[in-house]
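# Examining the three-dimensional arrangement
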Amino acid sequence: MTFPTWAQAGFWGLVSGSALLLGAAIGYYAKVPQRLIAAVMAFGSGVLISTLSLELMEEAYHKGGFTATALGFVGGAAAFTLANWMLARHGAKHRKRSGHHQSQERNAVQQGQTEGNEAGDDNGLALAIGALLDGIPESIVIGLSMLAGGAVSMVAVVAIFLSNLPEGLSSASGMRKAGRPAHYVLLLWAGIALVSGAASLLGYTVFSHFSNEVVAATMAVSAGAVLAMIADTMIPEAFEVAHNFTGLITVLGFLVSFFLSKMG
């Protein structure tokens, strides 16, 4: 039985998003060494950078040319940076950190609140919105990748899965140290996994009716947002713990993704 293409888009978006929940469960209940978290984060960054370069930007360029691709790419990065800056002011700056950054940030938010408000509410909401901000562009990438030939890019799915796993793992580990209960953490990431599937489905169904230029610009917007996310959140977490090994591990991740793209 062959499923409709739109259903496949949603399914593969859900598969890649499920890595967030899997990583969150591991990060919350298991004492994973921070060096291992950092190494996986660096590896996932390399995989994603390779996928954005070889799959998404290349396809956007062929579909819409340089102008549409460049405008979308810079626009996506600018939009993410602005949203990330706003969230950082409300307690989500260290949402991917696995150490005690989240607890320190939560305390700062609590101390800055006026009397009568529930402590930590702003921080929890910012963490949730920040997680969505990171996950949605990645998921849209999967849906958009199916517009070219009607089949999902397994390289994109693998890349996003590999990047989502350490994201959930690192964030949940930090949330546990910040004192957040298990049901909060797991429900948060389960919800984001479902939104990832919906975003992938929308990425395919909504943009399948648009011109090549619009699709190219949208691909580039997603690529720009994801690359900005990598630079702003994933690599800093990896570098803080792995230090001099971050570059090498990132390069290995890039090479694995490059190999998969050539074998696919």
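Residues numbered from 1 in each chain as written. Predicted model: local features only at pLDDT ≥ 70, side-chain atom pairs only at ≥ 80, totals over all residues. Heavy atoms only, no water.

The subject of this paragraph is the UniProt feature "transmembrane region" (unreviewed entry) in the protein. UniProt marks residues 6–29, 36–54, 66–87, 140–162, 182–207, 214–235 and 241–260 with the feature "transmembrane region" (unreviewed entry), using the numbering shown here. The span residues 6–29 carries 100% helix and 0% strand; its end-to-end C-alpha distance comes to 35 Å. Split by type, residues 182–207 is 92% helix and 0% strand. Its first and last C-alpha atoms lie 37 Å apart. (UniProt positions renumbered as here; feature names shortened; annotations may be inferred. Helix = DSSP H or I, 4+ residues; strand = E, 2+ residues; numbered from the N terminus.)

Right, let's get into the environment of Gly197. Mapped onto the fold, Gly197 is located in helix H6 (residues 182–205). Of the residues examined, Gly197 reaches a relative accessible area of 7% and is grouped as buried. Gly197 sits 185 residues away from Trp12 along the chain, and the two C-alpha atoms are 7.0 Å apart. Gly197 has contacts with Gly10, Gly13 and Leu14, leaving out every residue within four places of it along the chain. (Buried < 20%, exposed > 50% of the residue type's maximum accessible area, 1.4 Å probe, protein only. Contact = heavy atoms within 4.5 Å.)

What follows is about helix H2 (residues 34–88). For H2, built from 55 residues, the straight-helix expectation of 81 Å at 1.5 Å per residue is missed by more than 12%, its first-to-last C-alpha distance being only 22 Å. Of all the bends in H2, the largest measures some 125° and sits at Gly65. (Expected span 1.5 Å × (residues − 1). Bend = angle between axes of the 7 residues up to and from the residue.)

What follows is about the packing of H2 against helix H8 (residues 246–263). At a minimum axis separation of 7 Å, H2 and H8 run at an interaxial angle of 45°. By the criterion of interaxial angle, the relationship of H2 to H8 is oblique. H2 and H8 meet at a crossing whose hand is right-handed. Contacts from Ala39, Ala42, Phe43, Ser45, Gly46, Val47, Ile49, Ser50, Thr51, Leu54 and Glu55 of H2 reach H8 at Thr246, Ile249, Thr250, Leu252, Gly253, Phe254, Val256, Ser257, Phe258 and Ser261. Class assignment for the residues of the contact of H2 with H8 results in 11 nonpolar, 9 polar and 1 charged. (Axes fitted to C-alpha atoms, helices over the stretch in contact; angles between N-to-C directions. Parallel < 35°, antiparallel > 145°, perpendicular 65-115°, else oblique. Left-handed = near helix turned anticlockwise from the far one by under 90°. Nonpolar A, V, L, I, M, F, W, Y, C, P; charged D, E, K, R; others polar.)

Mapping Ser139 onto the fold places it in helix H4 (residues 121–149). Look at Ser139 and you get buried, because its relative accessible area is 1%. Leaving out residues up to four positions away in the same chain, Ser139 has contacts with Ser196, Ala199 and Ser200.

The next subject is helix H1 (residues 5–29). When the terminal C-alpha atoms of H1 are compared, their 37 Å separation across 25 residues agrees well with the 36 Å that a helix rising 1.5 Å per residue should span. Among all positions of H1, only Ala9, Gly10, Gly13, Ser16, Gly17, Ala19, Leu20, Gly23, Ala24, Gly27 and Tyr28 are buried.

Summed over the entire model, instances satisfying the criterion amount to 3 aromatic pairs. Centroid distance Tyr28 to Tyr29: 5.3 Å. Interplanar angle 70°. Geometry classified as edge-to-face. When the ring of Phe207 is compared with that of Phe210, the centres are 5.7 Å apart and the planes differ by 40°; the resulting orientation is tilted. (Phe/Tyr/Trp six-rings, centres within 6.5 Å; stacked < 30°, edge-to-face > 60°.)

Quick look at the packing of H1 against H6 now. A pair of packed helices is characterised by two quantities: the angle between their axes and the separation of those axes. Two elements in contact, H1 and H6, have axes whose closest approach is 7 Å; the angle formed by their N-to-C orientations is 160°. For the element pair H1 / H6, the angle class is roughly antiparallel. For the element pair H1 and H6, the recorded crossing hand is right-handed.

Our focus in this paragraph is a nonpolar patch on the surface. Taken together, Leu54, Phe245, Leu248, Leu252, Phe254, Leu255 and Phe258 make up a surface patch of nonpolar side chains, about 640 Å² in accessible area. Among the elements that make up the nonpolar patch, the one with the highest residue count is H8 (5 residues). Along the polypeptide, Leu248 turns up in helix H8. Among the residues examined, Leu248 registers a relative accessible area of 52% and is labelled exposed. (Patch = residues over 30% accessible without salt bridge, like charges linked within 9 Å, V, L, I, M, F, W, Y side chains within 5 Å. Areas by Shrake-Rupley, 256 points an atom, 1.4 Å probe, with all protein chains shown as cover. Salt bridge = Lys/Arg side-chain N within 4 Å of Asp/Glu carboxyl O.)

The next point concerns the environment of Gly143. Within the secondary structure layout, Gly143 lies in helix H4. When its relative accessible area of 0% is taken as the criterion, Gly143 is described as buried. Counting along the chain gives 133 residues from Gly143 to Gly10, while the straight-line C-alpha distance between them is 7.6 Å.

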